[in-house]
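# Architecture and fold: a report
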Amino acid sequence: MDVKKAGMSRLLLAAPDLRRSTWMMQSPAFLKMCEEYERACLRRDVLRCSADKDDEALLKFEAECKSLEAAAIAFIRKQRQFSGLA
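All values derive from a computational prediction rather than experimental measurement.

### Details of the confidence of the model for the chain
Overall, the predicted model of the chain reaches an average pLDDT of 86, with 93% of residues at or above 70. Mean pLDDT values for the elements of the chain range from 88 in helix H3 (residues 55–83) up to 92 in helix H2 (residues 28–49).

See the structure below:
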């Protein structure tokens, strides 16, 4: 699975109510957010599983993932509202 699709899958798991928004698969901005979200999640996952726990780095990536997730969800909701797709 490529990075964009993996990120999109993670986002749609986080916000299942947005799964009907198929238009977003054509949005370059949304696909870029998915890519960045997946990369941040992968870094976070590596830190979570690491034998040498770096709590500071883990907290940083946890926050980054939450921030990207919130931004992507807000982007979808705003686009749906603006375009009348509700």
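Next comes the rest of the account.
### Quick word on the side chain of Glu69
With respect to the helices and strands, Glu69 occurs in helix H3. Although Glu69 lies buried, it forms no salt bridge, and the closest oppositely charged side chain, Lys66, sits 4.2 Å away as judged by the N-O distance. Excluding anything up to four places from it in sequence, Glu69 contacts Leu11, Ala14 and Tyr37.

### Quick word on the pattern of salt bridges
With the rule as written, the count across this model stands at 9 salt bridges. Salt-bridge contacts for Asp45 lead to Arg10; the nearest nitrogen and oxygen are separated by 3.0 Å. Pair noted here: Asp45 is in helix H2 and Arg10 is in helix H1 (residues 3–14), with a separation of 35 residues, a long-range link. Take Asp45: its relative accessible area is 22%, and that puts it in the partly exposed class. As a salt-bridge pair, Asp45 and Arg44 come within 3.2 Å of each other at their nearest N and O atoms. Taken together, the shared-partner salt bridges connect Arg10, Glu38, Arg44, Asp45, Arg48 and Glu62 into one network.

Reading guide: rules and limits
- Residue numbers run consecutively from 1 along every chain, following the written order of its sequence.
- In keeping with the model being predicted, local features are shown solely for residues with a pLDDT of at least 70 and side-chain atom pairs are shown and tallied solely at 80 or more, while totals for entire chains, interfaces and linings include all residues.
- Side-chain calculation: all heavy atoms of the structure are included, whereas hydrogens and water are not.
- For every residue, the predictor reports its confidence as pLDDT, a number between 0 and 100.
- Labels follow the DSSP assignment, with helices taken as runs of H or I lasting at least four residues and strands as runs of E lasting at least two, numbered in each case from the N terminus.
- Using a 1.4 Å probe on the protein chains alone, a residue whose accessible area is under 20% of its type maximum counts as buried, one over 50% counts as exposed, and one in between counts as partly exposed.
- Only four residue types enter the charge count: Lys and Arg as positive, Asp and Glu as negative, with His and the chain ends excluded.
- The term salt bridge refers to a pairing of a side-chain nitrogen on Lys or Arg with a carboxyl oxygen on Asp or Glu at a separation within 4 Å.
- The contact criterion used throughout is that any non-hydrogen atoms of two residues lie within 4.5 Å.

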